[in-house]
Amino acid sequence: MIHNQKRNIDAVDNHSQHGNVAPKKTQTKKNNPIRQVTQKWVHDDTSIEVLPTLEEICILHGRLPNDLTLELQTTNCNKLPAHLRRYRCTPCIGKSVGFICAFKWIRQWICKRDPPNVIVGAPILPDFTTHPSQLDYQSPKFPTEFNRLPHPQDLLELRRLLAKILLPVIEKELAWLQDPQVKFIGRRIDLVTKCDYCSATLIGAAWLCSQCGAEACTKCFQLLVEQNQVGNTTLPDVHIDWLKRLKTCTKWHHLHTPTTYNKISHITQEELDTLRKQMLPLTENYETSPTSTSQVEPPNPYSVPADLVRFLHQPGDGCTEPYIKMQVNDLEADPTIFDRLWAAGQMIVVTGMSDRLKKPWTPDYFTSKYDWDTCQRIRANCPLQLPVDTTVREFFKDFTKESTKNQEVWKLRDWPPEADFQEKFPDLFYDFEHALPIPDITTRFGIRNVAAHFPTNGNVPDIGPKMYIAMENSDQGGSRAPLFFTWMLPMSSIFRLMRSRGTAKAVLYGTFTTPKTPKLCASFYISIKPTNFNSRSKK
Ligand SMILES: [Zn+2]
Ligand SMILES: [Zn+2]
Ligand SMILES: [Zn+2]
């Protein structure tokens, strides 16, 4: 058991140098449950679709008249009057499952004081978010169970390593906050905060479109600025779809220009100052080899340390590039081998693992255990990927049949759906965890696995394991090879166990070394659709 290492991030209420909106005392969710308000917004004149702005009202009256006030948007945008639909954010317009409004608890409306909720002017973004639901990240619950009892040195090493990686980020964020234009919009610990254009995780600094609610990372916003400067000429080395998405606002506003964005932060200066003070002493005189998570030049994919070249395996096919292949006993005999290869971003194929799994990972086992559980299957070769309802028993009945010509090739869709592997398959989960080599880093609760230290009430990275069960896809005239299972840890994506029934011919996996990831990222930009933008989405 490890004592919680509480971070001092409760200083939001002291943050007042930027603005005119005084933040309220910050409270935890437990002490101050968030009331669900069903506010009804009204507007007197349904013929008006464009409201006067705060500036226009102030110019007209010299200041905001006494009978008007600013009211926080406590509902999603769909509760606004229909003729004001141009003020809806993209998630509210799209209404996709589980959507989260981009402006709820963040935006303020110019309203009459009496009666309340009568809108008279366009919304504004105040300098500070003060609502508890936007400040939920202040009560992290840190995990206390790990794969083993840690030595104090383990924890010190971890803190030093993280401080070395994160300190430059924290300092960049602090520099960002030097601009008095930055508005603090808060952050909820249980939501993902990502760039809506490239899916980069947002720490604090970002740009928020005041019209559609999209958030751009600093890199994507810079791209928009540059594109705006060159006009109709397309910037070189930028994928046209990425650029198109970046420029597209809602249908009422059409195109983005840099002026529609507000400079925002999800973290307060006090929190950043506290983190910096804690990290500085940890980074003094501390040298580490670069890790795959740090912002350094990507390593040469095949630069294996000289004394480990003996583990380099050259496949006999003549076209596959060499990779590290090791017996698990060799790998575990000297843990520094793994550390060095991991730090260099090297892929490792580990052999000799067959005796480690104790449970029968077979179709019979799944059928006997989960029997009539409902699930969905998808035709593997169908581009539409339409799910078909079935049961575990029915799926595995087809799954284990002798293959025939032109037989459908099915895969199970996300089974168990949206559920945690550990809860749905505890015996398999622990069987898998106990089988993994280098458990300090590779297992869910590994003491050196950074993801194992995420707050349990936060949006923890999905590090698996996930199960993928499919009949083997065939490109040979409809004949079907036997089934295969894979179990994988997607985040660390270093260990995959694969089992096949009978005489599976081959399963093709792509593995990518670090230098290739920019190309992969480019392909991800293409696959994200504007209507799917997902900052603030739930885990
Ligand atoms: Zn909305
Ligand atoms: Zn981005
Ligand atoms: Zn927009």
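Residues numbered from 1 in each chain as written. Chains lettered and ligands numbered in written order. Predicted model: local features only at pLDDT ≥ 70, side-chain atom pairs only at ≥ 80, totals over all residues.

Asker: Is there a simple way to explain the overall build of the chain in this structure?
Answerer: Check the secondary structure of the chain and you find 14 helices and 18 strands. Contacts in the chain between residues at least 24 apart in sequence constitute 68% of all its contacts with a sequence separation of at least 6. (Helix = DSSP H or I, 4+ residues; strand = E, 2+ residues; numbered from the N terminus. Contact = placed C-beta atoms within 7 Å.)

Asker: Mind showing me how you'd approach the sheet that holds strand E10 (residues 323–327) here?
Answerer: Strand pairing in a sheet relies on backbone hydrogen bonds, with the paired strands running either antiparallel or parallel. On the basis of which strands lie adjacent, the open sheet formed by three strands has the order E9-E10-E11 and mixed pairing. The open sheet has two edge strands, strand E9 (312–313) and strand E11 (348–351), and neither has a second partner. (Pairing = 2+ DSSP bridges.)

Asker: Any chance you could explain the sheet that holds strand E2 (residues 108–112) here in plain terms?
Answerer: Spatial ordering of the open sheet is given by E1-E2-E3, a layout of three strands whose pairing is antiparallel. Single-partner strands in this sheet number two, and they are strand E1 (68–72) and strand E3 (119–124). Taken pair by pair, the neighbouring strands of this sheet meet at an average axis angle of 30°, ignoring direction. The pairing of E2 with E3 spans three bridges and is antiparallel. (Axes fitted to C-alpha atoms, helices over the stretch in contact; angles between N-to-C directions.)

Asker: I'm lost on the nonpolar core in this one. Help?
Answerer: When a protein is soluble and globular, its nonpolar side chains tend to lie buried together. Counting residues in each nonpolar core, the largest one holds 36 residues, and the members touching the most others are Cys77, Cys89, Ala206, Trp207, Leu208, Ala216 and Cys220. Of all the secondary-structure elements, those providing two or more residues to this core are strand E6 (205–209), helix H4 (218–230) and strand E8 (261–265). Considering each element in turn, this core owes the most residues, five residues, to E6. Other than its neighbours up to four places away in sequence, Trp207 contacts Glu215, Ala216, Phe221, Tyr261, Asn262, Lys263 and Ile264. Of all hydrophobic cores here, the second largest spans 12 residues; its members include Val392, Leu412, Met467 and Ile469. (Core = buried A, V, L, I, M, F, W, Y, C linked by C-beta atoms within 7 Å. Buried ≥ 20, exposed ≤ 12 C-beta atoms within 10 Å, placed from the backbone.)

Asker: Is there a simple way to think about helix H8 (residues 335–343) in this case?
Answerer: Every α-helix carries 3.6 residues per turn, so stepping three or four residues along brings you back to the same face. When H8 is considered as a whole, its buried residues turn out to be Ile337, Phe338 and Leu341. All buried residues of H8 fall inside an arc of 95° around its axis, so they share one side. Tucked into the core, H8 has its buried residues touching E10, helix H7 (328–333) and E11. Looking one or two residues beyond H8, the residue adopting positive phi is Gly345, at roughly 70°. (Arc of directions from axis to C-beta.)

Asker: Help me out: how do you make sense of helix H6 (residues 269–283) in this one?
Answerer: The first and last C-alpha atoms of H6 sit 21 Å apart over 15 residues, in line with the 21 Å expected at 1.5 Å per residue. Within H6, the full set of buried residues consists of Gln269, Glu271, Leu272, Leu275 and Met279. Along its buried surface, H6 packs onto helix H3 (152–176). Once H6 ends, the next one or two residues include Asn285, with phi positive near 55°. (Expected span 1.5 Å × (residues − 1).)

Asker: Can you help me understand the packing of H3 against H6 in this one?
Answerer: A pair of packed helices is captured by two measures, namely the crossing angle of their axes and the spacing between those axes. At their nearest, the axes of H3 and H6 sit 8 Å apart, and the two run at 140° to each other. As far as their axial angle goes, H6 and H3 are oblique. Relative to H6, H3 is oriented so that their crossing is left-handed. Two secondary-structure elements touch here, H3 through Arg159, Arg160, Ala163, Lys164, Leu166, Leu167, Ile170, Glu171, Glu173 and Leu174 and H6 through Gln269, Leu272, Leu275, Arg276, Met279, Leu282 and Thr283. (Parallel < 35°, antiparallel > 145°, perpendicular 65-115°, else oblique. Left-handed = near helix turned anticlockwise from the far one by under 90°.)

Asker: Would you mind going over the environment of Val349 with me for this structure?
Answerer: Mapping Val349 onto the fold places it in strand E11. Val349 gets classed as exposed once you count the C-beta atoms within 10 Å, which come to 12. On a C-alpha basis, the gap between Val349 and Met326 in space is 6.3 Å, while along the polypeptide they are 23 residues apart. If we ignore the near neighbours within four places in the chain, the residues touching Val349 are Tyr323, Ile324 and Lys325.

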